[in-house]
Amino acid sequence: MSESDEPEKRFAADVMLGRLTKWLRVLGFDARSVLLANLAVIESLISGGFIPVTRREKFRGLDSVIFIGSDDHFEQLAEVISLVGVGREEVRLFSRCILCNAGLDQISGQTVFGAVPDYVFETASDFRKCPRCGRVYWPGSHRRKMIGQLESLTGWRLREGEEGGTK
Ligand SMILES: [Zn+2]
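Residues numbered from 1 in each chain as written. Predicted model: local features only at pLDDT ≥ 70, side-chain atom pairs only at ≥ 80, totals over all residues.

### Quick look at the domain arrangement of the protein
Argument step 1. Each domain of the protein was delimited in the assignment, giving domain 1 (8–90) and domain 2 (105–154).
Argument step 2. Between the C-alpha centres of domain 1 and domain 2 there is a distance of 26 Å. (Domains from an automatic or database assignment.)

As structure tokens, this is what we get:
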């Protein structure tokens, strides 16, 4: 996946929104975890092209900030999608490391021998690796479950094989 194919929207989610941040990464968005302590931090993030997302009461009502009301991470994700206006075509499912936010590299199955369970090595294809932390990702039941959760949340069709974002 090339740099230019990345979604344009980039998020700076408050450190208190850790699970939401991971789900934004699952969708392929650059989602930094930042301590949104004061207005100066928020303004510098906005000028850097980031959309600040927070639950801090003191930022409620600011035009430039996405204020999240729910304490449930799925409802939070729905709020972001609706408030920011995220479209299905922007989604690059499983293209980013959920732990460290780096874009994943496509790697060949041969190179993951020993790094993944044997049954995965024998049955899976489409391996991706995080260039920063080295974690290897592959399609599987965990991923299918996440796709199901996202589909019922958003109404989007996100089945496996379409994650390149071409449709
Ligand atoms: Zn990583």
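### Thoughts on the environment of Phe 94
Argument step 1. Mapped onto the secondary structure, Phe 94 falls in the loop between helix H3 (73–84) and strand S5 (105–107).
Argument step 2. A tally of 22 C-beta atoms within 10 Å means that Phe 94 is categorised as buried. (Helix = DSSP H or I, 4+ residues; strand = E, 2+ residues; numbered from the N terminus. Buried ≥ 20, exposed ≤ 12 C-beta atoms within 10 Å, placed from the backbone.)

### Quick word on unusual backbone geometry
Argument step 1. Its identity as a non-glycine residue notwithstanding, Phe 94 has a phi of 60°, on the positive side.
Argument step 2. The phi angle at Asn 101 is positive, at roughly 75°, despite the residue not being glycine.
Argument step 3. For Asn 101, the location among the structural elements is in the loop between H3 and S5.
Argument step 4. With 20 C-beta atoms counted inside 10 Å, the residue Asn 101 sits in the buried group.

### Examining helix H5 (residues 141–154)
Argument step 1. Counted at 1.5 Å a residue, the expected span for H5 with its 14 residues is 20 Å, and the 20 Å between its end C-alpha atoms agrees.
Argument step 2. Just downstream of H5, Gly 155 is the residue with a positive phi angle, here 80°. (Expected span 1.5 Å × (residues − 1).)

### Focus: the nonpolar core
Argument step 1. Among the nonpolar cores identified, the biggest contains 30 residues, and Phe 11, Ala 13, Leu 24, Leu 27 and Val 53 are the most heavily contacted of them.
Argument step 2. Mapped onto this core, the elements with two or more residues apiece are strand S1 (10–14), helix H1 (18–26), strand S2 (30–34), helix H2 (39–47) and H3.
Argument step 3. Ranked by residue count, the leading element in this core is H1, at four residues.
Argument step 4. Inspection of this core shows a minimum of three residues originating in each of domain 1 (8–90) and domain 2 (105–154).
Argument step 5. Setting aside chain neighbours within four positions, we find Leu 27 in contact with Val 91 and Leu 93. (Core = buried A, V, L, I, M, F, W, Y, C linked by C-beta atoms within 7 Å. Contact = placed C-beta atoms within 7 Å.)

### As for the sheet that holds strand S6 (residues 127–129)
Argument step 1. Ordered in space as S5-S6-S7, the three strands form an open sheet in which the pairing is antiparallel. Single-partner strands in this sheet number two, and they are S5 and strand S7 (136–137). (Pairing = 2+ DSSP bridges.)

### Thoughts on the pairing of S2
Argument step 1. Of the pairings in the sheet, the one linking S1 to S2 comprises five bridges and is parallel in character. Its bridge partner being in S2, Ala 13 is matched across the sheet by Ser 33.
Argument step 2. Chirality of the crossover, the property in question, places the unit of S1, H1 and S2 among those that are right-handed. (Right-handed = clockwise from strand over helix to strand, strands pointing away.)

### Quick notes on the packing of H1 against H3
Argument step 1. Remark: H1 packs on H3, axes separated minimally by 9 Å, with the N-to-C direction vectors making an angle of 55°. It follows from the interaxial angle that H1 and H3 lie oblique. Note on packing geometry: the crossing formed by H1 with H3 is right-handed. Together, Arg 19, Leu 20 and Trp 23 of H1 and His 73, Gln 76 and Leu 77 of H3 make up the contact between the two elements. (Axes fitted to C-alpha atoms, helices over the stretch in contact; angles between N-to-C directions. Parallel < 35°, antiparallel > 145°, perpendicular 65-115°, else oblique. Left-handed = near helix turned anticlockwise from the far one by under 90°.)

### Observations concerning the environment of Ala 37
Argument step 1. In this structure, Ala 37 sits in the loop between S2 and H2.
Argument step 2. Residues Ala 37 and Pro 52 lie 15 residues apart in sequence; the distance between their C-alpha atoms is 11 Å.

### Comments concerning the pairing of strand S3 (residues 50–54)
Argument step 1. Pairing of S1 with S3, which is carried by four bridges, proceeds in the parallel orientation. Looking at S3, one finds that Arg 10 is bridged to Phe 50.
Argument step 2. As paired strands, S3 and strand S4 (residues 66–67) are joined by two bridges and run parallel to one another. In the strand pairing of S4, Thr 54 is matched with Phe 67.

### Description of the sheet that holds S4
Argument step 1. Taken in spatial order, the four strands line up as S2-S1-S3-S4 in an open sheet, and their pairing is parallel. Strands at the two margins of the open sheet, each flanked by one partner only, are S2 and S4.
Argument step 2. H1 rests against S1 and S2 of the sheet, and its axis sits at about 160° to S2.
Argument step 3. Across the sheet, H2 lies against S1, S2 and S3, angled at about 145° from S3, the strand it touches most.

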